[in-house]
Amino acid sequence: MKLYFNPRSRAVIAKWMLDECGAKYELVPVDLSKREQKAPEFLKVNPAGKLPALVDGDTRVFEAAAICLYLADKFPEANLAPKPGAPERGRYLSLVVYSTSQVEPSMGDHMMKQPTAPQRGWTDFEGVLNAVENELGSGPYLFGDWFTAADVMVGSMFIWQRMLGGNTGRPKLEAYVDRLMARPKGLKVG
Ligand SMILES: N[C@@H](CCC(=O)N[C@@H](CS)C(=O)NCC(=O)O)C(=O)O
């Protein structure tokens, strides 16, 4: 497997997931300052010209959430996802998609001090924080003691916020971020 990678990009999320899976992989450096992500060869891997992108034999996967879903299913022995048909599967898929469809853009609005119009398809950041706190329940992870790819995706959004100097302002969520970053293979800030 090849992960197209730059350490200052969302490709660190995919790398974290690969590490949690115990996968063997090669990192292919992509220099964003040289716009290598827009090179015709790379656009054949990810037409959006963005990182991360993963190539596994004849399979190519782009979007961090899709990569996490793909890897969790490819490495069932890592036990990072409820199996298809399991009652938790729907909530798991929802949380992974929710991370990039709502948490991330809402956080973007919040950081750029933009109002969140409901027509945009996501709630304001307070709404996101309430939803994630609610889903986390008493934790320690989104599925209780079970760490899954949903924690990689949802957690990465808040780790990212911390990397950019922000925080949620919610002690329960900050403790969740600390817990994720303390994992031996977890994302580290800095
Ligand atoms: N929704 C995408 C976001 C990907 C993305 O925006 N990646 C950034 C790096 S963090 C990128 O490649 N930017 C370079 C560009 O847009 O030219 C995902 O989750 O994979």
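Placed above this text is the structure.
This section reports on the structure supplied with the text. Small disclaimer: the values here were computed from a predicted structure and weren't measured.

1. Quick look at the pattern of salt bridges
Next up, step 1: Under the criterion given, the structure shown has 12 salt bridges.
Next up, step 2: The salt bridge involving E104 is made with R10; its shortest N-O contact spans 2.5 Å. Taken together, the positions of E104 in helix α4 (residues 89–111) and R10 in the loop between β1 (2–5) and α1 (11–21) put the pair 94 residues apart, joining distant regions of the chain.
Next up, step 3: By relative accessible area, which is 22% here, E104 ends up partly exposed.
Next up, step 4: E126 is the salt-bridge partner of R170, the closest N and O atoms lying 2.9 Å from each other. Here R170, found in the loop between α6 (149–163) and α7 (171–181), pairs with E126, found in helix α5 (residues 125–136); they are 44 residues apart in sequence, far enough to count as distant.

2. Topic: the site of the ligand
Next up, step 1: Taken together, S9, R10, Q37, K38, G49, K50, L51, P52, E63 and A64 are the residues near the ligand.
Next up, step 2: One of the side-chain nitrogen or oxygen atoms of K38 is found 3.0 Å away from an oxygen atom of the ligand.
Next up, step 3: In the model, an oxygen atom of the ligand is placed 3.0 Å from a nitrogen or oxygen of the A64 main chain.
Next up, step 4: Contact with the protein chains covers 82% of the free accessible surface of the ligand, which is 510 Å².
Next up, step 5: Among the residues making up the shell around the ligand, the classes are represented as three nonpolar, three polar and four charged.

Criteria and cut-off values
- Residues numbered from 1 in each chain as written.
- Predicted model: local features only at pLDDT ≥ 70, side-chain atom pairs only at ≥ 80, totals over all residues.
- Heavy atoms only, no water.
- Salt bridge = Lys/Arg side-chain N within 4 Å of Asp/Glu carboxyl O.
- Helix = DSSP H or I, 4+ residues; strand = E, 2+ residues; numbered from the N terminus.
- Buried < 20%, exposed > 50% of the residue type's maximum accessible area, 1.4 Å probe, protein only.
- Near = heavy atom within 4 Å.
- Polar contact = N/O pair within 3.5 Å; in protein donor to acceptor, adjacent residues only side chain to side chain.
- Areas by Shrake-Rupley, 256 points an atom, 1.4 Å probe, with all protein chains shown as cover.
- Nonpolar A, V, L, I, M, F, W, Y, C, P; charged D, E, K, R; others polar.

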